[in-house]
Amino acid sequence: MANSRRHYGVCLLMILSLSLPDFATGVDLSFGDVTEVLKFSREVVTDVLESYHLIKPKRPSDSENEFPFIKMMEKRLMNHIGQVSRMIEAFEGRMEHRNELLIDAVLDKMPEREMLEKSMHDLWKYLGQVENSYQNFLRYAKAPEKYEQFTLEDFARNSVSSSLNALPDVLKMIHRLVVPPNWDKDIFHRSILTLLARNMKEASTQICNNQQSPQQLLYNLYSTIALTEIKGYTMMQFSWTILKLYNIGNFTEEMEQLKQQYAIRTSETLRAVKTAMVFAPREIWKCDPAKHRMDVTYTELKQVFQGYLVNEVDMNPQSTCKENCVYYSYSKVYGCYQNQFCATQKRCNGKLINCQYVDSDMWVCPSEKSSTRRYEYIEYENGQMYGQKGTCSRGTTKVDSWWRWLFWHCSYCMCFCDDHNSSSDRYFNLRDVISDIDNNKVVTGVQMKKENQIIHIQIQEGTLLPRGAIDAQSVSWKKIDNYTIIDPEVRAGIDYHTIMWEKRAVDLDDLDAPQDHLLTGLRFRVIGAHLNLEIRMTPFNFTSGTLFKEMSVWHSYDTTDASELYDLDGETYVAKKRTEVKLNKPDVSTRSQVQSIPDSHTNQYIQFGPTDLEKDAGQSTIPFIDTQRVEPKPPVPISGAGIFHKGRGGYGGFLSLKLITYNFEPQLRAELPSTPPVIAMSNDVDAM
C-alpha cells in the first residue's frame, strides 16, 4: 500500500512539475504583462500534457523496481512540487485586494446595477467553486501519501464529470459570462467585462482612491478569471492522467480536446477584455480624504483675496466722501482717517475691488492676530450677517459710519482686498519638472505641494522596463526645486507666476500623449492672463522599454477664454473658446459634508477668488489646492496628466491633478502563443 501511494504521489508531482526557472524567479503581474499570463497558461497546459504522455498505466503485477522511469523522475519532480502553486499564489496575491476594490468602489455606483449585480454574483460564486476544488488539489499534491486511491480517484472523476456544477460545467459558465454564446449577436459587447467598462465610464466621476484606473481594475478582473481557468484546466489534466494511471481508460482524445478548448477560450477571453478596455477610463484621481488636513491633504492661497471693511474717506487721496461704495470698483487704501477702525485691523496693501454698501453700522468680530483671516464674522445693524456667528474670543468691535457737514455720508464699504504682503501665498512655480530621462525614468506619480509660499508640481519617477513594466524598487519622489521669490536671479514671470486679480485664471485640461509616448515631465506656463498646464511626452520602444529622450516634446492646449480667429484656405474660422467654471456663493471648501466630485472638463478655466460674503465674510481664497499624492499602485507607465476642479454646489472645491495611465489595449494580442511539440515517446519509455 505504501508503494502504491508513493506512485500516486509521484503522478501528482508530475502533473505539477514545470521547468520554468526564468519565469518562476521573476513573476511580476504588471499591467502590461498579459503575455506573461498567457505564457504561464500555455506552459501549464502543454507541459502537463507532455507529462501525461509519459505515464504508463500501472499493472497489478508491477513492483517498484519495474518503474525505473518514475524512480528516476521522482527527485526532479519533488523539487518542483510547489512551483505551480507558488506561482499561482503570487498572481493571486496581486489580484485579491484589487478585486475587492473593484466590487466596493465600482459596483455600488453602476447604472445597470441589477444586471451587473447578478452577473458579478454568479461570477464570484463560480470562481469560489473552482478555488475550493483547487485547495483540495493542493492538499493532495503536497501530501499524497496521506490519501487513499479511492480519494484521489473520486476527486479525478468529479473534476472531469459532465454533470451540472462539476468543474467543466463551472468553467463553461465562467466563460459564458466573459464571452456570451454565439447566438448573442453582440457577443463581446454583452460580456461582463464590457458591461463593467461601460458603466465604469459613466461612474468615473465617483471612482477614486483605488490607486488604479478603471482600465487597470478591469484588467485585474480579467487576470483573476484567466488564473482561475489555469487552475481548472490544471486540475482536469491531472484528473485524466490519474485515471489513466489507474487503468480506467486511455483518454488521449479527451486530453487533446481539452487542450483545444483551452486555446479557444483563452483567445476569446482576451478578445473580450480588449473590447472592454476600449470603453474603460484610464484616469486616476483622488477623492476627498476622510478628514481634511491643512498642508497634508490640501493647502490654500492665503491672504490673496479677502473681504475688507474700509471707509470711503480712506479710498481716495483727497479723503472725501462725495461718492458711494459702488463707485470704487478699483481703488486702494490711501490712509487711515483719524485712526478709527482702520487702525485696529490689518491694512490692505494691494488693490480694493468691487466695493459695495451693506449698512451704515455693524459689529465686527476680529480674528486672532495669528490667523490669516481678518474677521470671523460681521453683523450689520439691519440684521445682515457676513460669516458664521459664534463665540468671539477677542470681543466684537462696534463700527459706525458718519456724516460730514450734513451733506456727505462717510460710509463703510465691503470691498475685496487683493493683498500684497510678505505673508501672502500666491505663487506658482513655472520651472520644468522632469523625470531622470537619462536613466530611463518616467513619471509614475504626481502631487501639488506648497513650499516657501510657492505651489509646485512634484513628481514620482520610476525606471521603465520592457513591455511597459516599471521597476518598483526604483520608484521615488523627486525633490522639489526649493527656492524663494527673493532669491538672487529668481524672476517673476520666468521662474514663478503671481496670482493677482487680473491674472487669477487657471486652465483646466486633460493632456494625453500619443500611443507610443509616455509622460516624462510637467510644468505650468502663462498664456495671456491664464496659468496653463503642459506635459512632456517622450516616445519609447514598448518591447525594449527604451526611451528616446532626444525626441521629447512639450504639449498643451493653447486655447484661451477669448475667441480666436484663424484662416484656413481663405476662410475665417472662430476657434472654440474656453468656458468658465463658475462657483455659486462658495463657502470654505473643507466645510462640505459630502465628497467632492469632478465638475469641470477640458477647455474650461476657473478663477481664484474670495469665498461668499454671507457664508464666510469673503475671508478665504478658493478653490483650495488638493495636495494628495496621485500614484498608481503597483506603479505603471503614465501617458498623460490633467488639472481639474472638483467640488459641490455652494462650496469652493479643490484644484486637483489627475493622471492618465498608458493604454495597453493595443499591445494585447488576442491569440494564444504557439505551443511546443509534445515530447516524443522513446523506445525506452515504451518498454517501461
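Structure: see above.
**Things to note about the packing of aromatic side chains**
Move 1: Per the counting criterion, the structure on display carries 26 aromatic pairs.
Move 2: When the centroid spacing of 5.2 Å and the interplanar angle of 85° are considered together, the rings of Phe-305 and Trp-501 count as edge-to-face. Taken together, the positions of Phe-305 in strand S3 (residues 305-311) and Trp-501 in the loop between strand S18 (496-498) and strand S19 (505-512) put the pair 196 residues apart, joining distant regions of the chain. Trp-501 shares its class with Phe-305; the two are buried.
Move 3: Aromatic rings pair up to connect Tyr-134, Phe-137, Tyr-140, Tyr-147, Phe-155 and Phe-238 into one cluster.
Move 4: For Arg-431, the ring lying beneath its charged end belongs to Tyr-483, and the centroid distance is 3.9 Å.

**Some thoughts on the packing of helix H8 (residues 167-178) against helix H10 (residues 214-245)**
How two helices pack is summed up by the angle between their axes together with the distance between the axes.
Move 1: Close contact between H8 and H10 brings their axes to 10 Å; oriented N to C, the two are set at 155°. Comparing their axes, H10 and H8 come out roughly antiparallel. Between H8 and H10 the crossing geometry is left-handed. Facing H8, whose interface residues are Leu-167, Pro-168, Leu-171, Ile-174, His-175 and Val-178, H10 presents Ile-225, Thr-228, Glu-229, Gly-232, Tyr-233, Met-235 and Met-236.
Move 2: Residue composition of the contact of H8 with H10, by class: nine nonpolar, three polar and one charged.

**Some remarks on the pattern of salt bridges**
Move 1: Across all of its chains, the model carries 30 salt bridges by this definition.
Move 2: Here Arg-282 and Asp-512 are joined by a salt bridge, their closest N and O atoms 2.6 Å apart. Of this pair, Arg-282 sits in the loop between helix H11 (252-279) and strand S1 (283-284) while Asp-512 sits in strand S19, and the two are 230 residues apart along the sequence.
Move 3: The exposure class of Arg-282 is buried, given its relative accessible area of 17%.
Move 4: The class of Asp-512 is partly exposed, set by a relative accessible area of 29%.
Move 5: Among the ionic pairs, Glu-614 bridges to Lys-585, the shortest N-O distance being 3.8 Å. A residue pair is termed long-range when its members are at least 10 positions apart, and Glu-614 in helix H12 (residues 613-616) and Lys-585 in the loop between strand S26 (579-580) and strand S27 (597-598) qualify at 29 residues.
Move 6: Here the residues in one salt-bridge network are Arg-373, Glu-376, Asp-587, Arg-591 and Asp-616, joined through shared partners.

**Structural notes on the sheet that holds strand S7 (residues 375-380)**
Move 1: With antiparallel pairing, four strands are arranged side by side in an open sheet as S8-S7-S6-S9. The sheet is open, and its two edges are formed by strand S8 (385-387) and strand S9 (397-400), each paired on a single side. On average, adjacent strands in this sheet sit at an angle of 20° to one another, irrespective of strand direction.
Move 2: As defined by bridge partners, strand S6 (residues 361-366) adjoins S9 across four bridges and the pair is classed as antiparallel. Residue Val-364 lies in a different strand from S9, and its bridge partner there is Thr-397.

Scoring rules and cut-offs
Residues numbered from 1 in each chain as written. Predicted model: local features only at pLDDT ≥ 70, side-chain atom pairs only at ≥ 80, totals over all residues. Heavy atoms only, no water. Phe/Tyr/Trp six-rings, centres within 6.5 Å; stacked < 30°, edge-to-face > 60°. Helix = DSSP H or I, 4+ residues; strand = E, 2+ residues; numbered from the N terminus. Buried < 20%, exposed > 50% of the residue type's maximum accessible area, 1.4 Å probe, protein only. Lys NZ or Arg CZ within 6 Å of the ring centre and 35° of its normal. Axes fitted to C-alpha atoms, helices over the stretch in contact; angles between N-to-C directions. Parallel < 35°, antiparallel > 145°, perpendicular 65-115°, else oblique. Left-handed = near helix turned anticlockwise from the far one by under 90°. Contact = heavy atoms within 4.5 Å. Nonpolar A, V, L, I, M, F, W, Y, C, P; charged D, E, K, R; others polar. Salt bridge = Lys/Arg side-chain N within 4 Å of Asp/Glu carboxyl O. Pairing = 2+ DSSP bridges.

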